[in-house]
Amino acid sequence: MDTLVIQGGIPLEGKVRVHGSKNAALPILAAAVLAEGEYLIDRVPELLDIVVMRTILQTLGVRTKQEGGKVYLDTGTLTSNEIPEHLMSQMRSSIFLMGPLLARTGEVMVSRPGGCDIGTRRIDLHMEGLARLGIQFEEREGNIYGRTKKLQGAKIVLDYPSVGATENIMMAATLAKGITRIINAAREPEIQDLQSFLNAMGARIAGAGSHMIEIEGVDRLHAVSHEVIPDRIVAGTLIAAAAITGGRVTLEEVQPDHMESVIEAFKRTGVEITGTESSLQVVGHHPILSLDKITTSPHPGFPTDMQPQMMAYLSLAQGTSIITETVFDGRFRHVDELMRMGAKIYTDYHTAIIRGVRRLSGTRVRATDLRAGAALVLAGLAAEGCTVVENVHHIDRGYDHIERMIQSLGGEIVRRK
Ligand code: UD1
């Protein structure tokens, strides 16, 4: 399995273009099965999760190919609504196909999804919401069977603003009879991108980005072309890379208004960040100032997907920082690995107390999940000596060749097969 070998201590400098958002592209690719036709989805990152989604679509009969950032889909050839277990278990986002397949074919068969091991990942909100639209579910031998005669619009109040559940319900409701209102909807930018995509297909959706999304069902949708928004978590990780190395980096093709809480948090640690509508200039300064308290929460709060990277950065701050993780219950698996590099971190269930140290030391560490892996790369960039990050396949799920982005900024990092 691949490893990344990093020689730490080099301030990153230069310009880097941020690729398209994985979390926006995945539901959009799933939503394409809602209508028959030929799609071109642009700015799709070349990532393992996208390959898995395309493989699932192919298994369902969809014709697809990816050329660079362009994904071509022909959904006119859909022949199945059953997702095999070995594919479901590879990626949690396979669950996104549940709503669209039910809306298009009236039936679906899936198994419980896999994905990053970052805590309990239930799908009750997806299923309860879809059930409100008139879908009957049955679980047999580990498989979930969903069936509906006709989807009916409904008022759905989510217990928690789940990103995936909001998206799944939105997609199914586009073809339901009447109006659906999702109350306590998630407000992530990726949901706004999905709304734009679906509306271009002929759906009538309003409110994405707010707590209430209203969907007026239509009889049919049609295929379109679409460009995916920039990846705000990749952009945030690159801000952290510039900051932790005391570098000077320009991020191009980003959307700063999608990442205000992240920009604000880094500014509070002393990082200079200025920007335009589509670029950010980041200048890191040492000593890094600690943060009294930072709490992850649904958008527009500080994203859980930036928590491990922020922790790696704060492990080198002057003073003590406190991070509270409220979104996932098991998302501190990077802590042990950071401590192997010399970080001083104490965890108590949802809270991590990070006592800043003067230096981290390079050693062999293991990525336990996607963002934990990114955090270890960041720690390696600042550490003394050489860091070897194992299990790079986790990082490849969310970063299109992270080593190339860092190499383009002068960082010493190589991939070993
Ligand atoms: C999405 C993102 C992921 C990010 C997360 C939170 C994608 C492909 N992935 O994941 O990168 O970390 O949002 O910002 O967009 N929950 C339930 N029942 C459900 C669904 C969720 O209890 O039916 C709980 C989860 O266990 C978790 C919390 O809600 O504790 C947030 O999950 P959710 O917002 O659904 O995240 P995902 O859509 O899986």
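Owing to the predicted nature of the structure, the values given are computational and were not obtained by experimental measurement.

*Asks:* Help me understand a negative patch on the surface, please; the structure alone is not making it clear to me.
*Replies:* A cluster of acidic residues, D257, E260, E264 and E277, forms a negative patch at the surface. Positionally, E264 belongs in helix α9 (residues 260–268). With a relative accessible area of 42%, E264 lands in the partly exposed category.

*Asks:* Is there a simple way to think about helix α2 (residues 48–59) in this case?
*Replies:* For an α-helix, 3.6 residues make a turn, and residues three or four places apart therefore share a direction. Spanning 12 residues, α2 covers 16 Å between terminal C-alpha atoms, matching the ideal 16 Å at 1.5 Å per step. Along α2, the residues classified as buried are D49, I50, V52, M53, R54, I56 and L57. Close packing links the buried residues of α2 with α1 (22–31), β4 (63–67), β5 (70–74) and α3 (85–88). One or two steps after α2, the chain reaches G61, where phi turns positive at roughly 105°.

*Asks:* Got a minute to help me understand the site of the ligand in this structure?
*Replies:* Taken together, 20 residues surround the ligand, and among them D124, L125, S162, D305 and V327 come closest. In the model, an oxygen atom of the ligand is placed 2.8 Å from a nitrogen or oxygen of the G164 main chain. Here an oxygen atom of the ligand and a backbone polar atom of V327 are 2.5 Å apart. The fraction of the free accessible surface of the ligand (740 Å²) that becomes covered by protein chains is 87%.

*Asks:* Explain the domain arrangement of the chain here, please?
*Replies:* Reports of interface size often rely on the accessible area that becomes lost once the parts have come together. When the domains of the chain are assigned, the result is domain 1 (3–18 + 230–416) and domain 2 (22–227). A C-alpha centroid distance of 30 Å is found between domain 1 and domain 2. Listed as interface residues are 27 residues of domain 1 and, on the opposing side, 20 residues of domain 2. Of the roughly 2,100 Å² buried between domain 1 and domain 2, counting both surfaces, carbon and sulfur atoms make up 48%.

*Asks:* How should the pairing of strand β25 (residues 412–416) be read in this particular structure?
*Replies:* Along any regular strand, the residues point their side chains to alternate faces of the sheet. A one-sided burial pattern is seen for β25, the buried positions being I413 and R415 and the unburied ones E412, V414 and R416. Pairing between strand β1 (residues 3–7) and β25: 5 bridges, direction antiparallel. The partner of L4 across the bridge, within β25, is R415.

*Asks:* Quick question: what am I supposed to make of the environment of T276 here?
*Replies:* When you line up the elements, T276 lands in the loop between β15 (272–275) and β16 (279–283). Along the backbone, T276 and Q255 are 21 residues apart, and their C-alpha atoms lie at a distance of 9.0 Å. In this structure the side chain of T276 is engaged in a polar contact, spanning 3.2 Å, whose partner is the backbone nitrogen of S278. Engagement of the side chain of T276 in a polar contact is seen with the side chain of S279, the distance being 2.9 Å.

*Asks:* What exactly am I supposed to notice about the sheet that holds strand β20 (residues 320–324) here?
*Replies:* Backbone-to-backbone hydrogen bonds pair the strands of a sheet. The strands run either parallel or antiparallel. Spatially, 4 strands are ordered β18-β20-β22-β21 in an open sheet, and the strand pairing comes out mixed. Edge positions in the open sheet fall to β18 (294–295) and β21 (344–348), since each of these has one partner strand only. The strands that helix α10 (residues 307–314) touches are β18, β20, β21 and β22 (351–355); relative to β20, the one it contacts most, it runs at about 170°.

*Asks:* What is the right way to look at the packing of aromatic side chains in this model?
*Replies:* Each pair of aromatic rings is reported with the distance of its centres and the angle of its planes. Scanning all chains against the criterion turns up 2 aromatic pairs. When the centroid spacing of 6.0 Å and the interplanar angle of 40° are considered together, the rings of Y39 and F197 count as tilted. Residue Y39 is located in strand β3 (residues 38–42), and its partner F197 is located in helix α7 (residues 189–200); the two are separated by 158 residues in the primary sequence. Classification of Y39 by relative accessible area gives buried; the value is 3%. Ring geometry for F266 and Y313: centres 5.2 Å apart, planes at 45°, overall tilted. With F266 in helix α9 and Y313 in helix α10, the pair connects residues that are 47 residues apart, well separated along the chain. Per residue, the accessibility class of F266 equals that of Y313, and both read buried. Cation over ring: K65 sits above Y72, and NZ or CZ is 5.3 Å from the ring centre.

*Asks:* Please explain empty space enclosed by the protein as it appears in this structure.
*Replies:* Over the atoms, a rolled probe matching the size of one water molecule traces out where space is still vacant. Evaluated as defined, the whole model comprises 3 cavities of 30 Å³ or more. Here the largest cavity defines a volume of roughly 50 Å³. If you go around the largest cavity, the residues you meet are R232, H258, M259, E260, S261, V262, H299, P300, G301 and P303. Among the elements that make up the lining of the largest cavity, the one with the highest residue count is α9 (3 residues). Per-class residue counts for the lining of the largest cavity are 4 nonpolar, 4 polar and 2 charged.

*Asks:* Explain the layout of surface pockets here, please?
*Replies:* One number sums up the size of the second largest pocket: a volume of about 330 Å³. Every residue lining the second largest pocket is counted, 17 residues in all, and those nearest its centre are H286, L316, V357, R358 and R359. Among the elements of the structure, β19 (317–318) and α12 (370–382) are those that each provide at least two residues to the lining of the second largest pocket. Looking at side-chain class alone, the lining of the second largest pocket contains 11 nonpolar, 4 polar and 2 charged residues.

*Asks:* Any chance you could explain α7 here in plain terms?
*Replies:* For α7, spanning 12 residues, the distance from its first C-alpha to its last is 17 Å, which sits close to the expected 16 Å at 1.5 Å a residue. Of all the positions in α7, only P189, E190, I191, D193, L194, Q195, F197 and L198 are classed as buried. With its phi angle positive at about 110°, G202 sits one or two positions after the end of α7.

Calculation criteria
Residues numbered from 1 in each chain as written. Predicted model: local features only at pLDDT ≥ 70, side-chain atom pairs only at ≥ 80, totals over all residues. Heavy atoms only, no water. Patch = residues over 30% accessible without salt bridge, like charges linked within 9 Å, V, L, I, M, F, W, Y side chains within 5 Å. Areas by Shrake-Rupley, 256 points an atom, 1.4 Å probe, with all protein chains shown as cover. Salt bridge = Lys/Arg side-chain N within 4 Å of Asp/Glu carboxyl O. Lys, Arg positive; Asp, Glu negative; His and termini not counted. Charge placed at Lys NZ, Arg CZ, Asp CG, Glu CD. Helix = DSSP H or I, 4+ residues; strand = E, 2+ residues; numbered from the N terminus. Buried < 20%, exposed > 50% of the residue type's maximum accessible area, 1.4 Å probe, protein only. Expected span 1.5 Å × (residues − 1). Contact = heavy atoms within 4.5 Å. Near = heavy atom within 4 Å. Polar contact = N/O pair within 3.5 Å; in protein donor to acceptor, adjacent residues only side chain to side chain. Domains from an automatic or database assignment. Buried area = accessible area lost by both parts, 1.4 Å probe. Pairing = 2+ DSSP bridges. Axes fitted to C-alpha atoms, helices over the stretch in contact; angles between N-to-C directions. Phe/Tyr/Trp six-rings, centres within 6.5 Å; stacked < 30°, edge-to-face > 60°. Lys NZ or Arg CZ within 6 Å of the ring centre and 35° of its normal. 1 Å grid on protein atoms, 1.4 Å probe; cavity = no way out; pocket = protein on both sides within 12 Å on 5 of 7 lines; lining within 4 Å. Points joined across faces, edges and corners; volume = space filled by probe spheres on them. Nonpolar A, V, L, I, M, F, W, Y, C, P; charged D, E, K, R; others polar.

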